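Listed here are the chains, written in short residue letters.
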Amino acid sequence: MSEATGLSRRRVGNASVSGSPSEPSSSTFTSHAGSAFAGGNKIAYDPRDLERDDEEAKAGGKAPRLTLMEEVLLLGLKDRQGYLSFWNDNISYALRGCILVELALRRRIAVHKDPNRRRFPLSERLVEVIDDRQTGETILDETLRMMKAQETERMSINSWIDLLSGETWNVLKIGYQLKQVRERLAKGLVDKGVLRTEKRNFLLFDMATHPVADLRVKDAVVARVVSLLTAGTSAVPPAALDAPGIQMRALRAACLACAAYAASVLDNAFARLGYDEREAAFARCDDILAEFAVWPFGSTPSGAATKKREGTRIAMGSSGNGGREAVLGLLAEVRKELVGGDEDTGCELVAGVLEVLSKLDSLL
């Protein structure tokens, strides 16, 4: 039949004569080294994937889409106009502090492990680089390189924030200043699709502005801050935390609220709240900052400042210990994220930065 139709069976030269059709010879397969094709003996992979998995395991989760600095900047930007308030003097200094917090949360820097460090104030303890791998964020990597180059002469938390802000009289240290941080963060948000770039005329000059292009991203950040600061129970509401799997979710929520408070951008997040709700939210944020600006977290003594905050809250008609209970719930969640408990030097650095930010008004 095959001869009548002009079809013929092709004979395979390497085929085994004695082998059965159901058991083809191994010599008929082609080896695809370094690939995932059938019959290959190797699988291609990117070594950076293994490094990323190791980094996520060390940090307790994956890095968020937006950094802490970008979220604070996003809270301060006007949605349609695309620029910050001209009267905000705090945000530049606060953003430099957020850079240190973000590096500490990503387990890149920490307080130097010196047994005698507890004799010094929290903000005067020295900073060391524990992992100099790049993060993929330009500003973070630039700061990390400067800190690594300064390892022979370590500097304190307060000194690094001052140097990054340009607040120094030492001409030899002026090169450590990070310039155009707000503009660079805004351009990073443009690359991530959150903002867009426009040119706006301000009578005497033109200025690039960055209106919000994706309102869902900003609304999500606002919702997390508002949920944390208006919670009516001791438990931390799930809406106040980032997506599951993100590293240090509870501590990030506390740092975002405290950094936004120090940067004077919380007013934008509270735009839809009534007067009493706004005052209660500010009082709650003040409580959180007081509990997290010390190390170990939550070791604030019940002194006159605490009694003053409780008296203010009672005068506003709210519960005298409601805010304190909510902070204790947040503290419990954060303690679960610590590595080594009170010996977590990375979180100790976070507390030192928050202590500096808590005194921002007096510094400026």
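Residues numbered from 1 in each chain as written. Predicted model: local features only at pLDDT ≥ 70, side-chain atom pairs only at ≥ 80, totals over all residues. Heavy atoms only, no water.

Asks: Just to check I follow, could you spell out the packing of helix α4 (residues 91–105) against helix α7 (residues 181–191) for this structure?
Replies: Packed helices, taken two at a time, are described by their axes: the angle between them and the distance between them. Two elements in contact, α4 and α7, have axes separated by 10 Å at closest approach and are oriented at 65°. Contact residues: Ile 91, Ser 92, Leu 95 and Arg 96 in α4; Val 181, Arg 182 and Leu 185 in α7. The residue inventory of the contact of α4 with α7, partitioned by class, reads four nonpolar, one polar and two charged. (Axes fitted to C-alpha atoms, helices over the stretch in contact; angles between N-to-C directions. Helix = DSSP H or I, 4+ residues; strand = E, 2+ residues; numbered from the N terminus. Contact = heavy atoms within 4.5 Å. Nonpolar A, V, L, I, M, F, W, Y, C, P; charged D, E, K, R; others polar.)

Asks: What's the story with the packing of α4 against helix α14 (residues 345–358) in this structure? I'm lost.
Replies: One way to put it is that α4 packs onto α14 with a least axis distance of 8 Å and a crossing angle of 170°. In terms of orientation, α4 and α14 fall into the roughly antiparallel class. Contacts between α4 and α14 involve Tyr 93, Ala 94, Gly 97, Leu 100, Val 101, Ala 104 and Leu 105 from the former and Gly 346, Leu 349, Val 350, Val 353, Val 356 and Leu 357 from the latter. (Parallel < 35°, antiparallel > 145°, perpendicular 65-115°, else oblique.)

Asks: For this particular structure, what's the right way to read the pattern of salt bridges?
Replies: Any two side chains of opposite charge can pair, given that their charged atoms come close. Counted by the stated rule, this structure contains 20 salt bridges. Residues Arg 107 and Asp 344 are paired through a salt bridge, measuring 2.7 Å at the closest nitrogen-oxygen approach. Remark: Asp 344 occurs in the loop between α13 (322–337) and α14 and Arg 107 occurs in the loop between α4 and β1 (109–111); sequence separation between them is 237 residues. Taking relative accessible area as the criterion, Arg 107 reaches 9% and is therefore assigned buried. We classify Asp 344 as buried; its relative accessible area is 3%. Each of Arg 117, Arg 118, Arg 125, Glu 343 and Glu 348 takes part in a single network of salt bridges with overlapping partners. (Salt bridge = Lys/Arg side-chain N within 4 Å of Asp/Glu carboxyl O. Buried < 20%, exposed > 50% of the residue type's maximum accessible area, 1.4 Å probe, protein only.)

Asks: Would you take a moment to explain the side chain of Thr 143 for this structure?
Replies: Residue placement: Thr 143 occurs in helix α5 (residues 138–149). Residue classification places Thr 143 among the buried positions, given a relative accessible area of 0%. If we ignore the near neighbours within four places in the chain, the residues touching Thr 143 are Ile 99, Leu 103, Leu 164 and Leu 178.

Asks: Whenever I open this one, the environment of Glu 142 confuses me. Can you help?
Replies: Relative to the helices and strands, Glu 142 resides in helix α5. Residues Glu 142 and Tyr 176, 34 residues apart in the sequence, show an inter-C-alpha distance of 9.9 Å.

Asks: I'm lost on helix α8 (residues 215–229) in this one. Help?
Replies: Count 3.6 residues to each turn of an α-helix, and residues three or four apart come out pointing the same way. With 15 residues, α8 ought to run about 21 Å at 1.5 Å a step, and its terminal C-alpha atoms sit 21 Å apart, in line with that. All of the buried residues along α8 are Val 217, Lys 218, Val 221, Val 222, Arg 224, Val 225, Val 226, Ser 227, Leu 228 and Leu 229. (Expected span 1.5 Å × (residues − 1).)

Asks: So what exactly am I meant to see when it comes to the confidence of the model for the protein chain here?
Replies: Any region with low pLDDT has predicted coordinates that should not be read closely. Averaged over every residue, the pLDDT of the protein chain is 82; the share at 70 or more is 75%. Across the protein chain, element-level confidence peaks in β1 with a mean pLDDT of 97 and bottoms out in helix α12 (residues 304–315) with 46. Throughout residues 15–22 the model reports pLDDT below 50, and contacts reaching past four residues in sequence, or to other chains, amount to one contact. Within the model, pLDDT remains below 50 along residues 24–37, and this stretch shows 18 contacts once partners closer than five positions in the same chain are excluded. (pLDDT = per-residue confidence, 0-100.)

Asks: So what exactly am I meant to see when it comes to the environment of Asp 219 here?
Replies: Assignment of secondary structure puts Asp 219 in helix α8. The class of Asp 219 is partly exposed, set by a relative accessible area of 45%. As for Asp 219 and Leu 75, which are separated by 144 residues in sequence, their C-alpha atoms are 9.4 Å apart.

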